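Structural overview for review
Chain by chain, the residues:
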Amino acid sequence: MICQKFCVVLLHWEFICVITAFNLSYPITPWRFKLSCMPPNSTYDYFLLPAGLSKNTSNLNGHYETAVEFNSSDTHFSNLSKTTFHCCFRSEQDRNCSLCADNIEGKTFVSTVNSSVFQQMGANWNIQCWLKGDLKLFICYVESLFKNPFKNYKHKVHLLYVLPEVLEDSPLVPQKGSFQMVHCNCSVHERCECLVPVPTAKLNDTLLMCLKITSGGVIFQSPLMSVQPINMVKPDPPLGLRMEITDDGNLKISWSSPPLVPFPLQYEVKYSENSTTVIREADKIVSATSLLVDGILPGSSYEVQVRGKRLDGPGIWSDWSTPHVFTTQDVIYFPPKILTSVGSNVSFHCIYKNENKIVSSKKIVWWMNLAEKIPQSQYDVVSDHVSKVTFFNLNETKPRGKFTYDAVYCCNEHECHHRYAELYVIDVNINISCETDGHLTKMTCRWSTNTIQSLAGSTLQLRYRRSSLYCFDIPSIHPISKPKDCYLQSDGFYECVFQPIFLLSGYTMWIRINHPLGSLDSPPTCVLPDSVVKPLPPSSVKAEIIKNIGLLKISWEKPVFPENNLQFQIRYGLSGKEIQWKMYDVYDAKSKSVSLPVPDFCAVYAVQVRCKRSDGLGLWSNWSNPAYTVVMDIKVPMRGPEFWRIINGDTMKKEKNVTLLWKPLMKNDSLCSVQRYVINHHTSCNGTWSEDVGNHTKFTFLWTEQAHTVTVLAINSIGASVANFNLTFSWPMSKVNIVQSLSAYPLNSSCVILSWILSPSDYKLMYFIIEWKNLNEDGEIKWLRISSSVKKYYIHDHFIPIEKYQFSLYPIFMEGVGKPKIINSFTQDNTEKHQNDAGLYVIVPVIISSSILLLGTLLILHQRMKKLFWEDVPNPKNCSWAQGLNFQKKMPGTKELLGGGWLNQ
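Definitions and limits used
- Residues numbered from 1 in each chain as written.
- Predicted model: local features only at pLDDT ≥ 70, side-chain atom pairs only at ≥ 80, totals over all residues.
- Heavy atoms only, no water.
- UniProt positions renumbered as here; feature names shortened; annotations may be inferred.
- 1 Å grid on protein atoms, 1.4 Å probe; cavity = no way out; pocket = protein on both sides within 12 Å on 5 of 7 lines; lining within 4 Å.
- Points joined across faces, edges and corners; volume = space filled by probe spheres on them.
- Helix = DSSP H or I, 4+ residues; strand = E, 2+ residues; numbered from the N terminus.
- Nonpolar A, V, L, I, M, F, W, Y, C, P; charged D, E, K, R; others polar.
- Salt bridge = Lys/Arg side-chain N within 4 Å of Asp/Glu carboxyl O.
- Buried < 20%, exposed > 50% of the residue type's maximum accessible area, 1.4 Å probe, protein only.
- Pairing = 2+ DSSP bridges.
- Axes fitted to C-alpha atoms, helices over the stretch in contact; angles between N-to-C directions.

In the annotation of an unreviewed UniProt entry, the protein chain is listed under the name Leptin receptor and assigned to Macaca fascicularis. Under the UniProt heading Function (unreviewed entry), the entry covering the protein chain gives this text: "May transport LEP across the blood-brain barrier. Binds LEP and mediates LEP endocytosis. Does not induce phosphorylation of and activate STAT3." You can read under Sequence similarities (unreviewed entry) in the UniProt record for the protein chain the words "Belongs to the type I cytokine receptor family. Type 2 subfamily."

Another point: empty space enclosed by the protein. Scanning the model with the defined rule gives 2 cavities of 30 Å³ or more in all. For the largest cavity, the calculated volume is near 50 Å³. In terms of lining residues, the largest cavity is bounded by Glu-642, Phe-643, Phe-725, Asn-726, Leu-727, Tyr-767, Ile-769, Trp-783 and Arg-785. Secondary-structure elements contributing two or more residues to the lining of the largest cavity are strand S53 (726–730), strand S56 (765–774) and strand S57 (782–787). Class assignment for the residues of the lining of the largest cavity results in 6 nonpolar, 1 polar and 2 charged.

What follows deals with the pattern of salt bridges. Tallied over the entire structure, the rule returns 15 salt bridges. Between Asp-319 and Lys-234 there is a salt bridge, with its nearest N and O atoms 3.1 Å apart. One end of the pair, Asp-319, is in the loop between strand S19 (301–310) and strand S20 (324–327); the other, Lys-234, is in the loop between strand S13 (225–227) and strand S14 (239–245), with 85 residues separating them in the sequence. Taking relative accessible area as the criterion, Asp-319 reaches 44% and is therefore assigned partly exposed.

So, about the pairing of strand S6 (residues 123–131). Burial runs high along S6: 8 of the 9 residues are buried. Note that strand S2 (residues 33–38) and S6 share 5 bridges and pair antiparallel. Directly across from Ser-36, in S6, lies its bridge partner Asn-124. Across 7 bridges, S6 lies against strand S7 (residues 137–144) in antiparallel orientation. What sits directly across from Ile-127, in S7, is Val-142.

Taken together, the 3 strands give an open sheet; going across it, the order is S40-S41-S44, and neighbouring strands pair in antiparallel fashion. What marks the edges here is a single partner per strand, and that holds for strand S40 (539–545) and strand S44 (593–597). Averaged over all adjacent pairs, the angle separating strand axes in this sheet is 15 degrees, with direction ignored. Sheet topology places strand S41 (residues 551–557) next to S44; 5 bridges connect them, and they run antiparallel. When the sheet's bridge partners are listed, Ile-554 is paired in S44 with Val-594.

Our focus in this paragraph is the sheet that holds strand S58 (residues 792–796). Strand order in the open sheet made by the 3 strands is S54-S55-S58, with antiparallel pairing throughout. The open sheet has two edge strands with one neighbour each: strand S54 (739–748) and S58. Going from strand to strand, the sheet's axes swing by 20 degrees on average, the running direction of each strand aside. Bridge analysis of strand S55 (residues 751–758) against S58 gives 5 bridges, and the strand direction is antiparallel. Bridging across to S58, Ser-755 finds its partner in Lys-792.

So, on to unusual backbone geometry. The phi angle of most residues is negative, glycine excepted, and most peptide bonds adopt the trans form. Here the bond from Phe-334 into Pro-335 is cis, since omega is -5 degrees, no more than 30 degrees from zero. Looking at the element boundaries, Pro-335 is found in the loop between strand S21 (331–334) and strand S22 (337–341). Phi at Asn-369 takes a positive value of approximately 55 degrees, unusual for a residue other than glycine. Residue position: Asn-369 is located in the loop between strand S25 (365–368) and strand S26 (372–373). With relative accessibility at 25%, the residue Asn-369 sits in the partly exposed group. We note that Tyr-470 has phi near 60 degrees; this positive angle belongs to a residue other than glycine. Looking at the secondary structure, you find Tyr-470 in the loop between strand S33 (459–466) and strand S34 (482–484). By relative accessible area, Tyr-470 is classed as partly exposed at 42%.

Set out below in structure tokens:
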């Protein structure tokens, strides 16, 4: 029977809520309210009726109350016929019932539990609901107010809820079956927690709820409740509570707002101060996330808690944050640390506490790094206990080991506390250089941090502001600016790129140093992109040596941008690993070529060209790619090669083989190459012919005439050499002997002195040919052409003293080659004399140097000996007994030594 009755209650439960919803629902308040259920015959003291109803009313209107009945069929309730409980809500601010619920149709039957207590005292619960800070769960706490011994009854609480799609557009309440039921967690004694999930999209909709409470075998049903979840948000406690002393000497309490709150919050801050002189408590409500407390004292302890609530509109206070305690030191500096730039003025304030007593500000002295006392002229008395020191026109802080700051000490007259303030002074003069590319599409700016002191925890950022047109005369930092991303390059510079750009807009930029102690800005600079254009290098650069003139011609094409007039700079030099550049400036904007003299026509020259605006603005372009000259003939060879001959054949016959030998021409003589050589022949019988020998440097022909003249011509791409050497082979001249003697003296293994004596001659001597060879080897003959005025010549070659050498001297006349003088060994006579003469050049300077050194040593020794022997002789000027005596006068009984200053008795 009991089970059947309980099932009937469950089947009709949702119908009860549906019928009740037709009436007014109870709007849930942000504060705690009470659910009271009492029998109708209860006194007014236990149950307060709704406003407007008479105290004598025995039956409440069924539209405003919910009935809970007890059936008397059970033997335990034979003395009870039928009891109806009426339930209503009332708040802590208003003790009258706001709304009652009475359901005649729904009957709740009691099990075997005696409910006489409920008939006498009724049932009461405290209820508080809110939306959790994450905006996902709506929470209701139900707390039983039963007194002993009935508070030990087990409670079962269910919450039925519905969230209509659009409540305002529907004239009807939700239908039966639309309610959902959640089981409330009553694990905590006398307190149950009900959780209702709320979709984010439904936070502004109306949520309808009612409670079903089972206690002591009796089931109670609350009136219908309604609420908008967004109006019942209970935020999470504020985060990150912290305290610090500001630069003005106030205590700043700050915190962070909890996340996921969709509206601004107001905050309640409660704090207490405990010091040796003051104990105070305060409670303040603020809308910001910080609070300033003035009158801070050294050696004080502050305890703070904060909670939050919706600023505008209904809401619930969050829980209090965890208490945070802050204790001030015995010496308070404000600010405790200062970051500033070179040339600025800064001030420190100080409050000094010594042995529980605050020191008068007039007795405070200031020190820098405990090594330098700060002059009193920089002190200021702010109040009885606050002293101030000011530093003017500060210099950059010099790092001392790991310390990158200066320590500022606030001291009593007789002692200093170990705590100090920190002063960081940084040189923020950072040079920012910019350039606009040659296509006028982007501007690249670069800057380096090598000139400033690096602080741990600091970051640097380029900020800029673009004006509409041009730069101001004096650039300044604008409060509204934009950051620019800059990237560190391999050369240690940061690089930022502005693209696109406005050529005539002024870009004011500076470097901001961000640090936990504050921010510093470098002096601003304004850049006009049009004024920092770096043109593209000139193109089509060419270099060549002009024929027949020998000038270096350089030509180029100017870049398309910029359209301004340009000046050009040329550098050129001999091509090689390390080019020694020569510079040449071209100021004519219309010039596209220039010709320059060079010392060597036959060398390869490297040439580069760059450009810049003629008005002085902008930057030099990069150097163009190098252009190189090509070695080519510019003129005919300046002369033909020097040559000599070797004659082979029988001396008795008139026919001999003559082999001509010559050395290839150098570039400065051939100008600049030799393609071939041509031999011109002229005989005494007026026979003339030429022979092309190509690139060979040796040629053999048959000498048959009495006189045979040959000339060797050098031919290049332009023509034959103009000045050439002639050599005449003549039978009569080969017998002319003008060389009387020839001597060869070996000076060393690399040099032999050759000297000779000539006899008078009627023939015109042109030059000599010296010829030598090693007789012990089959090597080629070596020869030299020397002037006719020379009588002695030094031959430099590799000579072996034990080898035999042949030396020949040929006189060359206009008419032909004369008879040579030939020797087959070194000259023995006077060899030692020449060697000694050569040795004298070494020995004589050594002897002279030794003599000078010996003389100097003797002079120094003489001075030391004089000092040694005469140091005991008194100076009459320094002796009192000798003053006034005439040492030049001969005293009786003495005799004078020749040349001496000695007196003998």
